[in-house]
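A closer look at the structure
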Amino acid sequence: MDKQMNYGSDYKYIPATSVGSGTGIQVLPDLFCYTVQIVNIHMVGDPNSNNFVLVDAGMPDSAEEIISAVENRFGENSRPKAIILTHGHFDHVGAVIELVKRWEVSVYAHELELPFLTGQQSYPDPDPTVEGGMVAKMSPMFPTEPINLGNNVKPLPADGTVPEMTGFKWIHTPGHTPGHVSLFRGSDGALIAGDAFVTVKQEYLYKVLTQEQEISGPPRYLTTDWKAAKESVLKLAALKPTAAITGHGLPMLGQLLTDRLEKLANNFDDIAKPEYGKYVN
Ligand SMILES: [Zn+2]
Ligand SMILES: [Zn+2]
């Protein structure tokens, strides 16, 4: 293991929370979603086995909480076989370095996301002027510098399979970030959508707090390519998922998911795309 790993110099604890913080939901027998402050991590695997992976790695400073949540579900000293990242934003990689050191596991991400995970490239600055509420306004404090996982991060296999996640395929869903991926299991329609779309209006703090359910496009203040983001939503809607867990908000299932996702796909520009903001045109 390459021990030379570091976060960016702007890495810091972010004081934000939601009602779901610190709680988990079993969405399917082998799919568990846990909320760290305002973001979800996902544990995929049978809780009676020790074959599981962690998808995404929470907020800065949340490693101990994530380790406890994992051990609560899979037993003391359990560790995932791999960590899969939907993308490299601070709220999805916040504890990844501590977790890699503790568990000595490999991390996988799309190859276009690797510059942000190997210290090469910062994300564009969040747009606090975008149409939206409080979370957008606090977004200038969000870390954007790349973390460096060294050779502990590897590209996802080119054949579409997901390491240690039998039955799942990764789907390139750029727009929110260049190398954003979603994970889909064709046998039962389970979808881990990351931030390609989310089930809470992430910009609005009261909706983040209460996790009021609706499907929105990707969080606005960090999304830089709205054309690609739309195509990604169309791609995911065409899969007709039966259960979706997203980076922010509660899991959504069945007919509600079908209806809302179709609505988002058909009205993306109205629902998702902000009226104004520096990345809009
Ligand atoms: Zn994101
Ligand atoms: Zn996010």
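Let us look at the structure shown here. The structure displayed is predicted, hence computed values, not measured ones.

Moving on: unusual backbone geometry. Positive phi, close to 50 degrees, is recorded for Glu 104, a residue that is not glycine. Checked against the element boundaries, Glu 104 lands in the loop between α3 (96-103) and β6 (106-109). Although it is not a glycine, Glu 164 adopts a positive phi angle of roughly 65 degrees. Inspection of the secondary structure assignment puts Glu 164 in the loop between β7 (153-155) and β8 (168-172).

In this section: the packing of helix α6 (residues 226-238) against helix α7 (residues 254-266). Running from N to C, α6 and α7 cross one another at 145 degrees; their axes reach a closest spacing of 9 Å. α7 is crossed by α6, and the crossing has left-handed handedness. For the pair α6 and α7, contact is made by Val 233, Leu 234 and Ala 237 and by Leu 261, Glu 262, Leu 264 and Ala 265, respectively. Its residues assigned to classes, the contact of α6 with α7 comprises six nonpolar, no polar and one charged.

Counting 74 residues, the largest nonpolar core has Ile 83, Ile 84, Val 96, Val 107 and Leu 183 as its most contacted members. Setting aside anything within four residues of it in sequence, one finds Val 107 in contact with Ile 83, Leu 85, Val 96, Val 100, Leu 149, Asn 152 and Val 153. With five residues, the next largest nonpolar core counts Val 130, Val 135, Ala 136 and Tyr 221 among its residues.

Thresholds applied
- Numbers given to residues run from 1 along each chain, matching the order in which its sequence is written.
- Whichever chain is written first is A, and whichever ligand is written first is 1; the rest continue in order.
- Where totals are concerned, whole chains, interfaces and linings use all residues; where local detail is concerned, this predicted model gives features only for residues with pLDDT of at least 70, and gives and counts side-chain atom pairs only at 80 or more.
- Helix and strand definitions here come from DSSP, where helices need a minimum of 4 consecutive H or I residues and strands a minimum of 2 consecutive E residues; each element is numbered from the N-terminal end.
- Between N-to-C directions, angles span 0 to 180 degrees; the directions come from axes that are lines fitted to C-alpha atoms, helices contributing only their stretch in contact.
- Left-handed describes a crossing whose near helix is turned anticlockwise from the far helix through less than a right angle; right-handed describes the clockwise counterpart.
- Residues are treated as contacting if the C-beta atoms built from their backbones sit within 7 Å of each other.
- In the scheme used here, Gly and all other residues not listed as nonpolar or charged are polar, with Ala, Val, Leu, Ile, Met, Phe, Trp, Tyr, Cys and Pro taken as nonpolar and Asp, Glu, Lys and Arg as charged.
- Here a nonpolar core is just a set of buried residues of the types Ala, Val, Leu, Ile, Met, Phe, Trp, Tyr and Cys, joined wherever their C-beta atoms sit within 7 Å.
- Three exposure classes are used, based on other C-beta atoms lying within 10 Å of a residue's own C-beta, which is placed from the backbone: buried for 20 or more, exposed for 12 or fewer, and partly exposed in between.

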